[in-house]
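Secondary and tertiary structure notes
Listed here are the chains, written in short residue letters.
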Amino acid sequence: MSLFPSRFRLIFLFLTALSLAVAQNSSTPSSNGDQTPRSEDDKRTYRSAIEQADQRIDEEVKAHSELVKNLEYLTTEIGSRLTGSPQMNRASEWTLQRFKDYGVDAHLETTEIAHSWTRGQDTAEITTPVHKGIEIRSLGWSKATDGPVSGTVVFVNAQSPSDMDKYKGKLKGAIVMMRAPADVPSDNDVPNNAYDAVIPPSHGLPRAGGQGRFRQRQQLMKMVADEGAAVMLLDSGKTDSLFNMTGGFGGYQPSQLPSAFLTHEDYSLIYRLLQSGAVSMKVNLVGTFSPGPAKTSITVAEIKGSEHPQERVIVGGHLDSWDLGQGAVDNGTGAMATLEAARTLKALGWKPKRTITFILFTGEEEGGTGAELYVKNHEAEIPKMDAVLVLDLGTGKVFTIVLEDQYETASLMEEIYHPLQEVFNLDPLDTRYYGSSDHVEFLNKGVPAYFCLQKPDHYRQAHHSQTDTFDKVIPDDINQGAALLAAWAWNVSEMPQALPHHAPQERGSD
């Protein structure tokens, strides 16, 4: 089923027409490329040539792809890749060499994080009213406990800082839960796409104050820590005893409070036991930090433009991963698709008009460290960055590209996109705002930046869990993603007109 029922398609066509006027009156017009209005014959000529090129790109990937071979090495020989870890640094060096093996100019751009973090063998058990050993996993960059700690489990029901008044003096040494068990989607709930598989779309009127709610949660966590709680427990929110993982959002510093995920099943068990009486546990979290700053890098490669080498079309995905699995579908697939896109265009021997840049980011899982590094290092080049496209939603087939509210680019994006629709059998452009990956840093700086939307194949289960492994990869689908990255980059590089920039603004995803 199309993402665009007929009424939404009409709205989109109206917005596309409106975008022509918006682009002409943009407060930050792009100086890239030729802005001379093009005739319908010019547009037909572009489309015909681009459709042939996109078809040739698809054929090259199908005939000679090395994506799966590279992905198997990445996930099996190197494994998971926490930002700042030896494995992540090894992956950066290896991908640097792979780009060079394909004849693509490449280099590393390196920064430092405050500390790298290494997971230990965490343990937990319920000691009363039943005795049961349970699995537990520290959040990334969680402070360790001071050896095994035993304490009473306390459910802190606080929605605002004022709600904490009733817990003053009552949390010292406690093992704290702050939320009821998650509502885990049923097997009958089949998401439209991989993004919705892990971040279900909201319904009804949008809630106000998303960033405010996040800051409030952070404030509540600090208040619990200040009260002397021993451990914070979170629900993984996945079925079948799968873990979730997050963390590392505090500048790669130890967390305020030792914090860990339980499986949904064990978290629910403890919550139910609390309804009947006191519950006590013993918990030992043993992650360790580097004594000082740790280096981490992005891999940057490029095929220089023949006519406008100072202008840049960027495609990429993040190379870092969480550490419970192998980092296969999040986001070894996107990273290796980017590498394969570079191999493909270089193998074809074509000379793009604009420079095509391929970036394997680091630190996406902790908030976008690699994207921030690239934008900082290339700040002077931002006006000449034509567009960015990121692949970061697993192994499923790409079925559309997300416009991310950039209606001023809609008319040109439709031209760029139509040949892709023909070759790759794509749905129309998607008009929801998603965010939540490395393209957002560029979007915030005014650069036209987009996101591939993929089918949800196993993404809900694998995302940030121990089942993010190589065997979940669907070779034909992720090779399609690689061909699409290469084709989109080529289409943008050959477009006589540049996609218009927009006014910089800070955007995110709550």
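Structural data are supplied above this passage.
Here is a short report on the structure shown in this document.

1. Focus: the pattern of salt bridges
All chains considered together, the criterion is met by 23 salt bridges. For Asp323, the salt bridge goes to Arg119, with nearest N and O atoms at 2.8 Å. Linking Asp323 in the loop between β13 (308-318) and α8 (328-348) with Arg119 in the loop between β2 (117-118) and β3 (123-128), this pair joins segments that are 204 residues apart in sequence. Residue class for Asp323 comes out buried when judged on its relative accessible area of 18%. Here the salt bridges do not stand alone but share partners, grouping Glu66, Lys69, Arg98 and Asp101 into one network.

2. Concerning the packing of aromatic side chains
This model, assessed by the stated rule, comprises 11 aromatic pairs. For the ring pair Trp350 and Trp490, a centre distance of 4.9 Å and an interplane angle of 55 degrees mean the geometry is tilted. Of this pair, Trp350 sits in the loop between α8 and β14 (354-361) while Trp490 is found in helix α13 (residues 475-494), placing the two residues 140 residues apart along the sequence. When its relative accessible area of 10% is taken as the criterion, Trp490 is described as buried. Among the aromatic residues, those joined into a ring-pair cluster are Trp117, Trp141, Tyr252 and Trp322. Looking at Arg38, its charged tip hangs above the ring of Tyr46, at a distance of 5.8 Å from the centre. Looking at Lys455, its charged tip hangs above the ring of Phe399, at a distance of 4.4 Å from the centre.

3. Comments concerning the packing of helix α4 (residues 86-101) against α8
Interhelical geometry of α4 versus α8 gives an angle of 20 degrees and a closest axis separation of 10 Å. Here α8 runs roughly parallel to α4, going by the angle between their axes. The element α4 and its partner α8 pack so that their crossing is right-handed. Two secondary-structure elements touch here, α4 through Trp94, Thr95, Arg98 and Phe99 and α8 through Met336, Thr338, Leu339 and Ala342. Taken together, the residues that form the contact of α4 with α8 break down as five nonpolar, two polar and one charged.

4. Here's the deal with helix α2 (residues 40-64)
Under the 1.5 Å per step criterion, the end-to-end length of α2 is 36 Å for 25 residues, consistent within 8% with the ideal 36 Å. Of all the residues in α2, the buried ones are Tyr46, Ile50, Ala53, Asp54, Ile57, Asp58, Glu60 and Val61. Buried positions along α2 lie against α8, α10 (410-424) and α13.

5. Quick look at the pairing of strand β6 (residues 149-155)
Pairing analysis gives four bridges linking β6 to strand β10 (residues 280-284), with the strands arranged antiparallel. For Gly151, the partnering residue across the bridge sits in β10 and is Met281. Both β6 and strand β7 (residues 175-177) contribute to a ladder of three bridges, which runs parallel. The residue of β7 that forms the bridge with Phe155 is Met177.

6. Some words on the sheet that holds β13
The strands making up a sheet associate through backbone hydrogen bonding, with each pair oriented either parallel or antiparallel. Pairing is mixed in the open sheet, where seven strands are placed in the order β1-β12-β14-β13-β15-β17-β16. The open sheet has two edge strands with one neighbour each: β1 (105-113) and β16 (398-402). Direction aside, neighbouring strands of the sheet carry axes that sit 25 degrees apart on average. The pairing of β16 with strand β17 (residues 449-454) spans four bridges and is antiparallel. The partner of Ile401 across the bridge, within β17, is Cys452. Docked against the sheet, α10 engages β16 and β17, running at close to 175 degrees with respect to β16. Together, β13, β14, β15 (385-390), β16 and β17 form the strand contacts of α13, whose direction differs from that of β13 by roughly 160 degrees.

7. Notes on unusual backbone geometry
Of note, the amide linkage connecting Thr128 to Pro129 takes the cis form, showing an omega dihedral of 5 degrees. Tracing the sequence through the fold places Pro129 in the loop between β3 and β4 (132-134). One non-glycine residue with positive phi stands out, namely Asp240, at about 60 degrees. Among the structural elements, Asp240 can be located in the loop between β8 (231-235) and β9 (259-262). According to the relative accessible area criterion, Asp240 is exposed, its value standing at 63%.

What counts, and at which threshold
Residues numbered from 1 in each chain as written. Predicted model: local features only at pLDDT ≥ 70, side-chain atom pairs only at ≥ 80, totals over all residues. Heavy atoms only, no water. Salt bridge = Lys/Arg side-chain N within 4 Å of Asp/Glu carboxyl O. Helix = DSSP H or I, 4+ residues; strand = E, 2+ residues; numbered from the N terminus. Buried < 20%, exposed > 50% of the residue type's maximum accessible area, 1.4 Å probe, protein only. Phe/Tyr/Trp six-rings, centres within 6.5 Å; stacked < 30°, edge-to-face > 60°. Lys NZ or Arg CZ within 6 Å of the ring centre and 35° of its normal. Axes fitted to C-alpha atoms, helices over the stretch in contact; angles between N-to-C directions. Parallel < 35°, antiparallel > 145°, perpendicular 65-115°, else oblique. Left-handed = near helix turned anticlockwise from the far one by under 90°. Contact = heavy atoms within 4.5 Å. Nonpolar A, V, L, I, M, F, W, Y, C, P; charged D, E, K, R; others polar. Expected span 1.5 Å × (residues − 1). Pairing = 2+ DSSP bridges.

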